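Per-entry structural report
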Amino acid sequence: TQCFQFLTRGHDSREKMDSFVTQDSSHLFCPSGCSTSFASVKWECSAIIDDGSGQAKLYAEREAALLLLGNGLLVNDIETGAMESPSGILFQATLPISANLMQSIKTATSTVKNSEKHTIPNKDCRLMHDFLPPNAKAEYLLQYHCRQWHQRYF
């Protein structure tokens, strides 16, 4: 059987040792007591399609959602960060990126600039998103991919 409970955050001393530690030292755990080795990220994708004669709502989960998002999405990096993000990661074309991500990008960009001063040009080049914490990196990668996809098709 498969449990479909959302992982929840807690600081309870009764928490299982088998939980995901998040950046703020709280834990994500299954309220049903399931092992986190069975946990997975839930991918969802929805859109309203309008051809001028009517509208239809398209909804897809997991593999179908990933298929709709197309190639080039760094799924493993996004899922790693999503496991550390208690409220999940959301992309909506009409919403700007979160304030938390903006602050993480500023910090990472500053780190990259400081590290470039101490390295040989074109040697050991690292991307800005390499310096983001896992949950911010996941949000950044999803935002970047989806915004490019959205611009390409709409």
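The present account deals with the structure reproduced in this document. This is a predicted model, so every value here is computed, not measured.

**Concerning the overall build of the chain**
Within the chain one finds 4 helices and 5 strands. Beginning at the N terminus, the succession of helices and strands in the chain can be written as β-β-β-β-β-α-α-α-α. Here the chain, with 154 residues, has 27% of them falling under the buried criterion. Within the chain, counting contacts between residues at least 6 apart in sequence, those at least 24 apart form 47% of the total. Accessible surface, the chain as shown: approximately 11100 Å² in total, 54% of it carbon and sulfur.

**Quick word on helix α1 (residues 62-69)**
Where α1 is concerned, the buried positions are Ala 65, Leu 66 and Leu 69. The buried residues of α1 occupy one face: seen down the axis, they fall within an arc of 100 degrees. Residues of α1 that are exposed and point over 90 degrees away from its buried face: Glu 63 and Leu 67. Following α1 by one or two positions, Gly 70 adopts a phi angle in the positive range, close to 85 degrees.

**Focus: the nonpolar core**
Counting residues in each nonpolar core, the largest one holds 16 residues, and the members touching the most others are Trp 43, Leu 73, Ile 78 and Leu 142. For this core, the elements supplying multiple residues, two or more each, are α1, α2 (75-82) and α4 (134-153). With 4 residues, α4 is the largest single contributor of residues to this core.

**Focus: unusual backbone geometry**
For Arg 62, which is not glycine, the phi dihedral falls at a positive 35 degrees. Positionally, Arg 62 belongs in helix α1.

**A look at a nonpolar patch on the surface**
A surface patch of nonpolar side chains, amounting to about 230 Å² of accessible area, comprises Ile 49, Leu 58 and Leu 68. Checked against the element boundaries, Leu 68 lands in helix α1.

**What about the environment of Gln 5?**
Secondary-structure assignment places Gln 5 in the segment before β1 (8-10). Linking Gln 5 and Gly 33, residues 28 residues apart in sequence, is a C-alpha distance of 9.9 Å. For Gln 5, the residues in contact, after removing those within four places along its chain, are Cys 30, Pro 31 and Ser 32.

**Let's talk about α2**
Listing the buried residues of α2 in full gives Val 75, Ile 78, Glu 79, Gly 81 and Ala 82. When α2 is viewed along its axis, its buried side chains cluster within an angular range of 165 degrees and face the same direction.

**Considerations on the pairing of strand β4 (residues 44-50)**
Across 7 bridges, the pairing between β4 and strand β5 (residues 55-61) is antiparallel. In the sheet register, Ser 46 faces β5, and the bridge partner there is Tyr 59. Taken together, β4 and the strand that follows it, β5, pair antiparallel across an intervening segment of 4 residues, in which Gly 52 is found at a positive phi of about 95 degrees.

Criteria and cut-off values
- Residues numbered from 1 in each chain as written.
- Predicted model: local features only at pLDDT ≥ 70, side-chain atom pairs only at ≥ 80, totals over all residues.
- Heavy atoms only, no water.
- Helix = DSSP H or I, 4+ residues; strand = E, 2+ residues; numbered from the N terminus.
- Buried < 20%, exposed > 50% of the residue type's maximum accessible area, 1.4 Å probe, protein only.
- Contact = heavy atoms within 4.5 Å.
- Areas by Shrake-Rupley, 256 points an atom, 1.4 Å probe, with all protein chains shown as cover.
- Arc of directions from axis to C-beta.
- Core = buried A, V, L, I, M, F, W, Y, C linked by side-chain atoms within 4.5 Å.
- Patch = residues over 30% accessible without salt bridge, like charges linked within 9 Å, V, L, I, M, F, W, Y side chains within 5 Å.
- Salt bridge = Lys/Arg side-chain N within 4 Å of Asp/Glu carboxyl O.
- Pairing = 2+ DSSP bridges.

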